[in-house]
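Summary of structural features
Spelled out, the chains give:
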Amino acid sequence: MSLVDWKPLDWTPAATMAGRYAQMARLHADHAAPLHAAFGSDGETWRYMPYGPFADAADYAAWVTSVADRPDPVFYVIADGEGWAGVASLMRVDRAHGVIEIGNIALTPHLRRTPAATEAMHLMIDHAFQSGFRRMEWKCNALNAPSRRAALRYGFTYEGTFRQHMVVKGQNRDTAWFAITDGDWPTLRAGHQSWLAPANFDAAGAQIKPLSDFLPTP
């Protein structure tokens, strides 16, 4: 594949992203209190994160303030129509080679397994590829089975496990590595959009067909 005409990206993160079910904005200190209330005492959220759990609202607010204005990771807050309900980031931004990662995903119990959660991930991936990135990565602790399943569900390809990759909270972390390339994305994008269409949900909001029915067989 010749990339003789490739030029490093001049990328500015989106201030907001919006879909049918999810809205996203750059994380701000004002989001800390409603997010902390939405997360509640669910300590499992932070099990595989390099930070958390948080002792109280002030502790969480201090963390939000410390990361809100960083250029990398670029943190976003996720709303589902009822309020702020999660956080995710675009990170390890490599403009020279057109590579970016989606990570730091922390969803409140209310947001998990909802169309808004799926659409939030879709919006971030789509923003990256529409901005000219060639590759989107997803990495997680190899023990984090829900994250591994989520990556595959969205259409990421498993590329291997980096053994003894990190030390996190005093524990070894083997890192499972997944990616979508710009060549993969058009088909995956169409599949995501078909799953997210109102016709795929019944009157109670339950999916009629799973996302896997709309994506190519791995």
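Rules and cut-offs
- Each chain carries its own residue numbering, running from 1 in the written order of its sequence.
- pLDDT decides what is reported in this predicted model: residues at 70 or higher carry local features, side-chain atom pairs at 80 or more are listed and counted, and totals for whole chains, interfaces and linings draw on all residues regardless.
- Remark: hydrogens and water are excluded; side-chain values derive from all non-hydrogen atoms of the structure.
- Relative accessibility decides the category of a residue: with a 1.4 Å probe and only protein chains considered, values under 20% of the type maximum give buried, values over 50% give exposed, and everything between is partly exposed.
- Going along the chain from the N terminus, every DSSP run of H or I of four or more residues is numbered as a helix, and every run of E of two or more is numbered as a strand.
- Throughout, the arc means that of the directions going from the helix axis to the C-beta atoms.
- Contacts were defined at the residue level, with two residues in contact if any of their heavy atoms lie within 4.5 Å.
- Whenever a carboxyl oxygen of Asp or Glu lies within 4 Å of a side-chain nitrogen of Lys or Arg, that contact is scored as a salt bridge.
- At least two bridges found by DSSP between two strands are what make those strands a pair.
- Here the axes come from fitting lines to C-alpha atoms, over the contacting stretch only for helices, and the angles between their N-to-C directions go from 0 to 180 degrees.
- What counts as a ring pair is set by centres within 6.5 Å for rings of Phe, Tyr and Trp (its six-membered ring), and what kind of pair is set by the plane angle: stacked under 30 degrees, edge-to-face over 60, tilted for all other angles.
- Each ring is checked for a lysine NZ or an arginine CZ that lies within 6 Å of its centre and within 35 degrees of its normal; such an atom marks a charge sitting over the ring.
- Both site types are read off a 1 Å grid over the protein atoms alone. A 1.4 Å probe that fits but cannot get out defines a cavity, while an open set with protein on both sides within 12 Å along at least five of seven lines defines a pocket; lining residues have an atom within 4 Å of a point.
- Grid points are joined across faces, edges and corners, and a volume is the space filled by probe spheres set on the points.
- Nonpolar cores are built from buried Ala, Val, Leu, Ile, Met, Phe, Trp, Tyr and Cys residues. Side-chain atoms within 4.5 Å join them into one set.

Things to note about helix 4 (residues 145-154)
- Those residues of helix 4 that fall on the buried side of the exposure criterion are Ser 147, Ala 150, Ala 151 and Tyr 154. Summarising the axial view, the buried residues of helix 4 lie within an arc of 100 degrees, below the 170-degree limit, and thus occupy one face.
- Next to the buried residues of helix 4 lie helix 3 (115-130), strand 6 (135-141), strand 8 (171-181) and helix 5 (185-196).
- At the exit of helix 4 stands Gly 155, carrying a positive phi of roughly 105 degrees.

What to know about the pattern of salt bridges
- Per the counting criterion, the structure on display carries seven salt bridges.
- Arg 47 is the salt-bridge partner of Glu 44, the closest N and O atoms lying 3.4 Å from each other.
- Its relative accessible area of 47% is what places Glu 44 among the partly exposed residues.
- The exposure class assigned to Arg 47 is exposed, which follows from its relative accessible area of 53%.

A short note on the sheet that holds strand 7 (residues 157-168)
- Spatial ordering of the open sheet is given by 1-2-3-4-5-6-8-7, a layout of eight strands whose pairing is mixed. For this open sheet the edge positions go to strand 1 (16-18) and strand 7, each flanked by a neighbour on one side alone. Each strand of the sheet is rotated relative to its neighbour by a mean of 25 degrees, with strand direction disregarded.
- Contacts from helix 4 reach strand 6, strand 7 and strand 8, with the element oriented near 160 degrees to strand 6.

Side note on the packing of aromatic side chains
- Enumeration according to the criterion identifies 18 aromatic pairs in this entry.
- By way of ring pairs, the aromatic residues Phe 39, Trp 46, Tyr 51, Phe 54, Tyr 60, Trp 63 and Phe 75 are connected into one cluster.
- Against the face of Trp 195 rests Arg 153, its NZ or CZ located 5.0 Å from the ring centre.

Quick look at the layout of surface pockets
- Size it by volume and the second largest pocket reaches roughly 310 Å³.
- What lines the second largest pocket is a set of 13 residues, among which Leu 152, Gly 155, Leu 188, Pro 216 and Pro 218 lie closest to the centre.
- Looking at the lining of the second largest pocket, the elements with two or more residues in it are helix 4 and helix 5.

A look at helix 1 (residues 32-39)
- All buried positions along helix 1 are accounted for by Ala 32, Leu 35 and Phe 39. Here the buried residues of helix 1 occupy an arc of 70 degrees about the axis, which is enough to place them on one side. Residues of helix 1 that are exposed and angled more than 90 degrees away from the buried face: Ala 33 and Ala 37.
- Where helix 1 is buried, its residues meet helix 2 (57-67), strand 3 (74-79), strand 4 (84-94) and strand 5 (99-107).

Here we look at the nonpolar core
- Formed by 45 residues in total, the largest nonpolar core has its most connected members in Met 136, Trp 138 and Phe 156.
- Secondary structure elements with two or more residues in this core: strand 3, strand 4, strand 5, helix 3, strand 6, helix 4, strand 8 and helix 5.
- Among the elements that line this core, the one with the most residues is helix 3, at nine residues.
- Setting aside anything within four residues of it in sequence, one finds Phe 156 in contact with Ile 102, Ile 125, Met 136, Glu 137, Trp 138, Ala 151, Phe 178, Ala 179 and Ile 180.
- Counting residues in hydrophobic clusters, the runner-up holds 17 residues, among them Trp 46, Met 49, Tyr 60 and Ala 106.

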